[in-house]
Amino acid sequence: MKQPFTRQDLKRAQCSVLRKGRWANADLYLYQENDVAWVVKDFLPCAPIVRKTWGRFLIQREFHALDRLHGITGIPQPPFILDPFALGYRYIPGRTLRDTPSELIDASFFKRLEVLVEEMHQRNMVHLDIRNRRNVLITDQGRPTLLDFQSSLNLDRVPRHLHDLLKEIDLSGVYKLWQLKTPETMDAARKERLMEFDKKRFLWVLKGYPLGTRKAPRS
């Protein structure tokens, strides 16, 4: 898509901070342009060694994931690359699962999230970080949206014998959140599937970053 705004536009505007990134992760900003709200994911505040290597790689990775999933309801759209260190997409009003009390979650929410994940898998993409409650948004209409695709994988580039395992990682994330938030709406078959996968979780050893958030962005 045509780039709707530039880095210079961001510098002239008053952007609100949605989330500060950790030492090797991006900051998230909310930017308003012509009455349209955008999320900007920006590695520029990171140390040069991070933003020029890891940051550039993750911006491209997330852009291609979102672009491949274009048209699926519950996937942020339309993505665009602001510059080598940042990307943007339309802001979706709502609250993350982390910030939503269980009593406000509709009984059908996790079934809809499961369907969304399966739609993503049909495009041969896996997310791989669904257990993080910040990566699942409940929109103002009560529907699921997946956020943060920097850990995602295009299965076209992965040996076929690993596809089922990687998809199961995603679905186990859905079931883990389901069990955590509204276990009374979860059936026995899904609980059993989650238990079986958790026995194999030693295969998935990468989790988060060892250091905390940055104190402040650099100019």
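Here is what the cut-offs are and how they apply
- Residues numbered from 1 in each chain as written.
- Predicted model: local features only at pLDDT ≥ 70, side-chain atom pairs only at ≥ 80, totals over all residues.
- Heavy atoms only, no water.
- Disulfide = S-S within 2.5 Å.
- Buried < 20%, exposed > 50% of the residue type's maximum accessible area, 1.4 Å probe, protein only.
- Pairing = 2+ DSSP bridges.
- Helix = DSSP H or I, 4+ residues; strand = E, 2+ residues; numbered from the N terminus.
- Axes fitted to C-alpha atoms, helices over the stretch in contact; angles between N-to-C directions.
- Core = buried A, V, L, I, M, F, W, Y, C linked by side-chain atoms within 4.5 Å.
- Contact = heavy atoms within 4.5 Å.
- Parallel < 35°, antiparallel > 145°, perpendicular 65-115°, else oblique.
- Left-handed = near helix turned anticlockwise from the far one by under 90°.
- Nonpolar A, V, L, I, M, F, W, Y, C, P; charged D, E, K, R; others polar.

A.B. asks: I'd like a rundown of the state of the cysteines, residues and numbers included.
C.D. replies: Counted by the stated rule, this structure contains zero disulfides. Left without a disulfide partner, Cys15 is nearest to the cysteine sulfur of Cys46, which lies 16 Å away. The buried category is assigned to Cys46, whose relative accessible area is 0%.

A.B. asks: How would you explain the pairing of strand E4 (residues 80-83) if you had to name every residue and give the values?
C.D. replies: Pairing geometry for E4 and strand E5 (residues 86-90), over three bridges, is antiparallel. Across the sheet, Phe80 pairs through a bridge with Gly88, a residue of E5. What sits between the antiparallel neighbours E4 and E5 is a turn of two residues.

A.B. asks: Describe in detail the sheet that holds E5, supporting the description with residues and values.
C.D. replies: Read from one edge to the other, the open sheet built from five strands follows the order E1-E2-E3-E5-E4, with strand pairing classed as antiparallel. Every interior strand has two partners, whereas the edge strands, strand E1 (16-19) and E4, have only one. For this sheet, the mean angle separating the axes of adjacent strands, direction not counted, is 35°. Note that E1 and strand E2 (residues 27-33) share three bridges and pair antiparallel. From the neighbouring strand, Ser16 faces E2, where its bridge partner is Leu30.

A.B. asks: Can you explain the nonpolar core? Please cite residues and give values.
C.D. replies: Residues Leu113 and Leu146 are the most contacted members of the largest nonpolar core, which totals 39 residues. Within the residue set of this core, elements represented by two or more residues are helix H2 (48-68), E5, helix H3 (109-122), strand E8 (136-139) and helix H4 (163-181). Leave out the neighbours within four places in its chain, and Leu146 touches Gly74, Ile75, Pro76, Leu113, Leu116, Val117, Met120, His127, Ile130, Asn135 and Val136. Of all hydrophobic cores here, the second largest spans nine residues; its members include Phe5, Tyr29, Trp38 and Ala86.

A.B. asks: Please provide a residue-by-residue account of the packing of H4 against helix H5 (residues 188-198), values included.
C.D. replies: Packing of H4 against H5 brings their axes to within 9 Å, and their N-to-C directions diverge by 120°. As the angle between them shows, H4 and H5 are arranged oblique. Seen from above, H4 lies across H5 with left-handed handedness. Two secondary-structure elements touch here, H4 through Leu165, Glu168, Ile169, Leu171, Ser172, Tyr175, Lys176, Trp178 and Gln179 and H5 through Arg190, Arg193, Leu194, Phe197 and Asp198. Residues of the contact of H4 with H5, tallied by class, amount to seven nonpolar, two polar and five charged.

A.B. asks: Mind laying out unusual backbone geometry, listing which residues take part and the relevant values?
C.D. replies: Residue Pro78 is reached from Gln77 by a cis peptide bond, and omega for that bond is -15°. Positionally, Pro78 belongs in the loop between H2 and E4. We note that Asn124 has phi near 65°; this positive angle belongs to a residue other than glycine. For Asn124, the position within the fold is in the loop between H3 and strand E7 (125-126). One non-glycine residue, Leu128, adopts positive backbone phi at about 80°. Inspection of the secondary structure assignment puts Leu128 in the loop between E7 and E8. Owing to a relative accessible area of 8%, Leu128 belongs among the buried residues under this scheme.

Everything listed here is a matter of coordinates, which is why it stays silent on function.
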